[in-house]
Every structure is written in structure tokens, then in C-alpha cells.
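Fold and geometry: a report
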Amino acid sequence: MAHKKGLGSSRNGRDSNAQRLGLQGVRRAGRAGGNIIVRQRGTRVKPGLNVGRGKDDTLFARSPAAFDSRTGARWAST
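What counts and how
Residues numbered from 1 in each chain as written. Predicted model: local features only at pLDDT ≥ 70, side-chain atom pairs only at ≥ 80, totals over all residues. Heavy atoms only, no water. Salt bridge = Lys/Arg side-chain N within 4 Å of Asp/Glu carboxyl O. Helix = DSSP H or I, 4+ residues; strand = E, 2+ residues; numbered from the N terminus. Buried < 20%, exposed > 50% of the residue type's maximum accessible area, 1.4 Å probe, protein only. Pairing = 2+ DSSP bridges.

**Description of the pattern of salt bridges**
Under the criterion given, the structure shown has two salt bridges. Across the salt bridge formed by Asp56 and Arg39, the nearest N and O atoms sit 4.0 Å from each other. With Asp56 in the loop between strand E5 (51-53) and strand E6 (59-61) and Arg39 in strand E3 (residues 36-39), this pair connects stretches of sequence that are 17 residues apart. What makes Asp56 partly exposed here is its relative accessible area of 33%. Overall, the relative accessible area of 24% leaves Arg39 in the partly exposed class. Of the charged contacts, one joins Asp57 and Arg53 as a salt bridge, the two residues approaching to 2.4 Å between their closest N and O atoms. Given the relative accessible area of 15%, Asp57 is considered buried.

This is the structure we're talking about:
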């Protein structure tokens, strides 16, 4: 019987990168046009006034303004 495990390659040494989802930056902070507001999967937060939605459902500011989110309604607008 072997006293040590064989020194072959490990099969479990992988992990996926973090997706960094959620609210980006600080609430009520000023946003320049094109800045990402929310990274999400699906439309948990819907785009409001002056906010666009990317093909991966990312919300971004269309005009420079202060970011406002209504928590109950799940809308983001600038």
C-alpha cells in the first residue's frame, strides 16, 4: 500500500470568476452618460427615465445626472 498519494495532476483545481452583479457605485451618486448603473441577470430592475438596457440586461445612464432608484417599484432612473 502506498503511504503517499500519487503526485498526479489535480482534477478539481478550477473555479469560475465572480460575475460582479448588482448595483455599481453609490446610490444618489452622479452618473455620466454611458456609465453602468446595475449589472443583472434578467430584468430585476427595470430601466426608467434616461436609462438604457443592454443586451445582457445591464442598465446604463443615457444622460449625466444623479442616480435615483425606487426600491419598492424596482425602477432605475437618472
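**Remarks on the sheet that holds E3**
Strand order in the open sheet made by the four strands is E1-E3-E6-E5, with antiparallel pairing throughout. Looking at which strands have only one partner, the edges of the open sheet turn out to be strand E1 (22-23) and E5.

Read these as geometric descriptors, not functional statements.
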